[in-house]
Amino acid sequence: KKFLKPDGLIFCSIDENEAHNLKLIFDEIFGIKNHIETLIWKKSYGGGAKSKHVVNLHEYILFYANNTDLIKELALPPDESILKYYKFKDSKIASRGPYRLQPLATTSMDDRPNLRYAIEYQGESILPTKQWQWSKDRVLQAIRADELVIEKKKGKWSVNYKQYLKDSSGEERGRKLYSIIENIYTQKGTSELRNLIYDSSFTFPKPSLLIKTLIQLVTDDASLILDSFAGSGTTGHAVLQLNKEDGGNRKFI
């Protein structure tokens, strides 16, 4: 904790045997409010012949901040596979790019009275089944900015907001990391290490893609990354790989 910058972040991977105890220790050291997420890494895609009761396929990655108040929005690079969904255009195409429609109504059951109100449109009052995602002030602002699409289909009103490909500063929208990390398996780490140098003393090394994904999420191109356990060198591998891809100058210990 003393090594971390005020806006520093830490990941710690662990299996189910001590995950509950480690969480308590981290809560004590960093504070419960600085717990961002406990990620679930699906580390294996099969097997289980030797399992007596349950086939274990996952580990945990505790994710904490030194101070969450200093952490801005976290995002991974844009996912090219979702570009096909941004198929609409309006007068903001030059600065914001195309947009997709997302429902303003939410199925959340939270008791948020300020998110349940009527939107007045064409002489009618439109109420959500449960509640809206945005406050009334934000909705009125979106209407003035032509960023809501309100339509009547089969006698029912639908209210959608325009999610632009680029944010207000012109940066392409990144993608969020899901709390369950899939399609990055331990078997890949073993294969990587064997391709670099055959050494059977490292059992189940972490795949560099897993570490690279976490580094992409939380660093800029000049960050310093500390891995307290050198192991097979996966963190160094991931940092160098990422620098090569995006021209960054990250350093690692």
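Residues numbered from 1 in each chain as written. Predicted model: local features only at pLDDT ≥ 70, side-chain atom pairs only at ≥ 80, totals over all residues. Heavy atoms only, no water.

(A) Structural context of the pairing of strand β3 (residues 58-65). By the criterion of burial, β3 is predominantly enclosed, with six of the eight residues buried. Summarising the sheet, strand β1 (residues 9-14) and β3 pair through six bridges and their orientation is antiparallel. Within β3, the residue paired with Ser13 across the bridge is Ile61. Both strand β2 (residues 35-42) and β3 contribute to a ladder of seven bridges, which runs antiparallel. Among the inter-strand pairings, His35 is bridged to a residue of β3, identified as Tyr64. (Buried < 20%, exposed > 50% of the residue type's maximum accessible area, 1.4 Å probe, protein only. Helix = DSSP H or I, 4+ residues; strand = E, 2+ residues; numbered from the N terminus. Pairing = 2+ DSSP bridges.)

(B) Structural detail: the nonpolar core. With twelve residues, the main nonpolar core is built from Leu104, Tyr117, Ile119, Ile126, Trp132, Trp134, Val139, Ala142, Leu148, Ile150, Val159 and Tyr161. For this core, the secondary-structure elements that each account for two or more residues are α3 (136-144), β9 (148-153) and β10 (156-164). Setting aside anything within four residues of it in sequence, one finds Val139 in contact with Leu104, Tyr117, Ile119, Trp134 and Leu148. (Core = buried A, V, L, I, M, F, W, Y, C linked by side-chain atoms within 4.5 Å. Contact = heavy atoms within 4.5 Å.)

(C) Just the sheet that holds β3, in detail. Read across the open sheet, the four strands follow the order β1-β3-β2-β11; overall the sheet is mixed. Looking at strand neighbours, the two that pair on one side only are β1 and β11 (180-181), the edges of this open sheet. Lying over the sheet, helix α1 (residues 19-30) contacts β1, β2 and β3, oriented at roughly 5 degrees with respect to β3. Across the sheet, helix α5 (residues 208-218) lies against β1, β2, β3 and β11, angled at about 20 degrees from β3, the strand it touches most. (Axes fitted to C-alpha atoms, helices over the stretch in contact; angles between N-to-C directions.)

(D) How the structure looks around helix α6 (residues 234-246). An ideal rise of 1.5 Å per residue puts 18 Å on 13 residues; α6 measures up with 18 Å between its terminal C-alpha atoms. Along α6, the positions that sit buried rather than exposed are Thr234, Thr235, Gly236, Ala238, Val239, Leu242 and Asn243. At the C-terminal side of α6, Gly247 shows a positive phi close to 75 degrees. (Expected span 1.5 Å × (residues − 1).)

(E) Spatial organisation of the side chain of Gln163. Considering the arrangement of structural elements, one finds Gln163 in strand β10. Looking at Gln163, the relative accessible area reads 13%, which means it is buried. In this structure the side chain of Gln163 is engaged in a polar contact, spanning 2.8 Å, whose partner is the side chain of Tyr86. Ignoring any residue separated from it by four or fewer positions in sequence, one finds Gln163 in contact with Tyr86, Pro98, Tyr99, Arg100, Gln102 and Arg173. (Polar contact = N/O pair within 3.5 Å; in protein donor to acceptor, adjacent residues only side chain to side chain.)

(F) Representation of the sheet that holds β10. Taken in spatial order, the three strands make up an open sheet running β4-β10-β9, and their pairing is antiparallel. Two strands close off the open sheet at either side, each with one partner strand: β4 (99-103) and β9. Within the sheet, the average angular offset between the axes of one strand and its neighbour, ignoring direction, is 35 degrees. Relative to β10, β4 runs antiparallel, the two sharing five bridges. Bridge pairing links Gln102 to Tyr161 in β10.

(G) Examining the environment of Val159 more closely. Among the structural elements, Val159 can be located in strand β10. Here the alpha-carbon distance between Val159 and Pro128, two residues 31 residues apart in the chain, equals 9.1 Å. The contacts of Val159, once residues within four sequence positions are left out, are Gln102, Pro103, Leu104, Ala105, Ile119, Ile126, Trp132, Leu148, Val149 and Ile150.

(H) Seen up close, the packing of aromatic side chains. Counting across every chain of the model gives nine aromatic pairs. Taking 5.6 Å as the distance between ring centres and 65 degrees as the angle between the ring planes, the aromatic pair formed by Tyr99 and Tyr164 counts as edge-to-face. Here Tyr164 lies in strand β10 and Tyr99 lies in strand β4, a separation of 65 residues in the sequence. Both residues of the pair, Tyr99 and Tyr164, belong to the buried class. By the ring-pair criterion, three or more aromatic residues cluster together here, those being Phe26, Phe30 and Tyr64. The cationic tip of Arg100 hangs over the ring face of Tyr86; the distance from NZ or CZ to the ring centre is 5.5 Å. Against the face of Trp134 rests Arg138, its NZ or CZ located 4.1 Å from the ring centre. (Phe/Tyr/Trp six-rings, centres within 6.5 Å; stacked < 30°, edge-to-face > 60°. Lys NZ or Arg CZ within 6 Å of the ring centre and 35° of its normal.)

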